[in-house]
Amino acid sequence: MLKAVPFPNPCPTPSPKAHAPYEPYQCTIGEDFMRMAREQLREDDNIRSQALAQFREWIAKHPYIKRCRTDAVFLLRFLRTKKFSVPAACEMLEKYLTIRQLYPAWFRKLDIEDPALEEIVSAGYLVPLLKRDSQGRQVFLSCAGKFDPHRFTSAQMARVHSLICEAFMDDEESQVAGYNYINDESGLAMAHVSLWSLTDIRNMMKCIQNSTPMRHKETHFINLPHYGNRVVEFILTVLNEKLKKRIVLHPTLEDLKRHIDPSILPKEYGGVVPLSEMINQLKIRLRQKRQEILALDDFYIEISKTAANFAGNEDADMDTGVVGSFRKLEVD
């Protein structure tokens, strides 16, 4: 039986911007990950220190950002995702703050004590694996069949993803190495697909690709039904070329195991640790970080009309519904 690992105290609730002294950064990652950061992200002590200072100065002077975390670990989410390009990191932070207000049903009230969210988490719909892959990446396993589309909404599905991702985005080794995703679609039904409109899928993909400070390295699909292929094909039209190339469709679980070390998978997939233990560890982590995650709702940015359009609101006329659209696509 694995033991729960204690996590640091949550960050304080964001306060209005002020020129105040910042706590000095203390590196928490091992030498292997630090070497990776140097080689892949150009990160060293000097670049990190300068980038953090510039980032904080930009936030302090930003006319529309009113409340936001400025601690090093939070800002490093964006700097590492953008390989220490300060302008690119600043742009991503703007978008991250904006989507939280444009789409509150997806990105706010991320609370493990919410009965619906806790039930979805307990069912094992989205589970972080306890061991990293061979590249040091955090791996998330999504099981479509464990989400009840007749009881829960697409907004609750999105909030579970947001909740779990927020619980891991301050992990510095994951900031450096990135994240992998395994999607088991064996239980995917048309009822799942019908929860989402084409516009919502498009907007969600834009949020993930442009606004979420995570290094998305690989996305694997297994057991995808034929109508699921149509959904993936649509998603590919939204993603940039880099992310398109990182999506892999596997005909079987055995084929997936040629890309992912089977030992890190749940016991039900040929690994060692039962899925139930992974779920228990996740729930412990979500409760330990509950106040920190809820404090994200205190962030505030004034949104202009231009900013409101970046995530795809101009495509509202596409809102025709996924079920009808993909049924039409199935006709040869």
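It should be noted that the structure appears before, not after, this text.
Computed from a predicted structure; not experimentally measured. (Residues numbered from 1 in each chain as written. Predicted model: local features only at pLDDT ≥ 70, side-chain atom pairs only at ≥ 80, totals over all residues. Heavy atoms only, no water.)

(A) Inspection of the packing of aromatic side chains at higher detail. Applying the stated criterion across every chain yields a total of 14 aromatic pairs. With a centroid separation of 5.3 Å and an interplanar angle of 70 degrees, the aromatic rings of Phe74 and Phe78 are classed as edge-to-face. Here Phe74 pairs with Phe78, and both are found in helix H3 (residues 72-81), just four residues apart, close to one helical turn. Aromatic side chains Phe140 and Phe168 sit 5.5 Å apart centroid to centroid with 85 degrees between the ring planes, which places their arrangement in the edge-to-face category. With Phe140 in strand S3 (residues 138-143) and Phe168 in the loop between helix H7 (154-166) and helix H8 (172-177), the pair connects residues that are 28 residues apart, well separated along the chain. Put simply, the rings of Phe55, Trp58, Phe74, Phe78, Tyr96 and Phe299 touch in pairs and so form one group of aromatic residues. A cation over an aromatic ring shows up here: Arg56 above the ring of Tyr22, its NZ or CZ 4.0 Å from the ring centre. The ring of Phe168 has Arg285 sitting right over it, with the charged end atom 3.9 Å from the ring centre. (Phe/Tyr/Trp six-rings, centres within 6.5 Å; stacked < 30°, edge-to-face > 60°. Helix = DSSP H or I, 4+ residues; strand = E, 2+ residues; numbered from the N terminus. Lys NZ or Arg CZ within 6 Å of the ring centre and 35° of its normal.)

(B) Representation of the sheet that holds strand S5 (residues 216-222). Taking strand neighbours across the sheet as the criterion, the five strands line up as S2-S3-S4-S5-S6 in an open arrangement whose pairing is mixed. The sheet is open, and its two edges are formed by strand S2 (126-128) and strand S6 (247-250), each paired on a single side. Between one strand axis and the next, the sheet turns by 20 degrees as a mean value, whatever way the strands run. The pairing of strand S4 (residues 179-184) with S5 spans six bridges and is parallel. (Pairing = 2+ DSSP bridges. Axes fitted to C-alpha atoms, helices over the stretch in contact; angles between N-to-C directions.)

(C) Examining the side chain of Asn183 more closely. Along the chain, Asn183 falls in strand S4. Apart from the residues within four sequence positions on either side, Asn183 is in contact with Ser142, Thr219, His220, Phe221 and Ile222. (Contact = heavy atoms within 4.5 Å.)

(D) Molecular detail of the side chain of Glu292. Structurally, the position occupied by Glu292 is in helix H15 (residues 290-294). In this structure the side chain of Glu292 is engaged in a polar contact, spanning 3.5 Å, whose partner is the side chain of Arg69. (Polar contact = N/O pair within 3.5 Å; in protein donor to acceptor, adjacent residues only side chain to side chain.)

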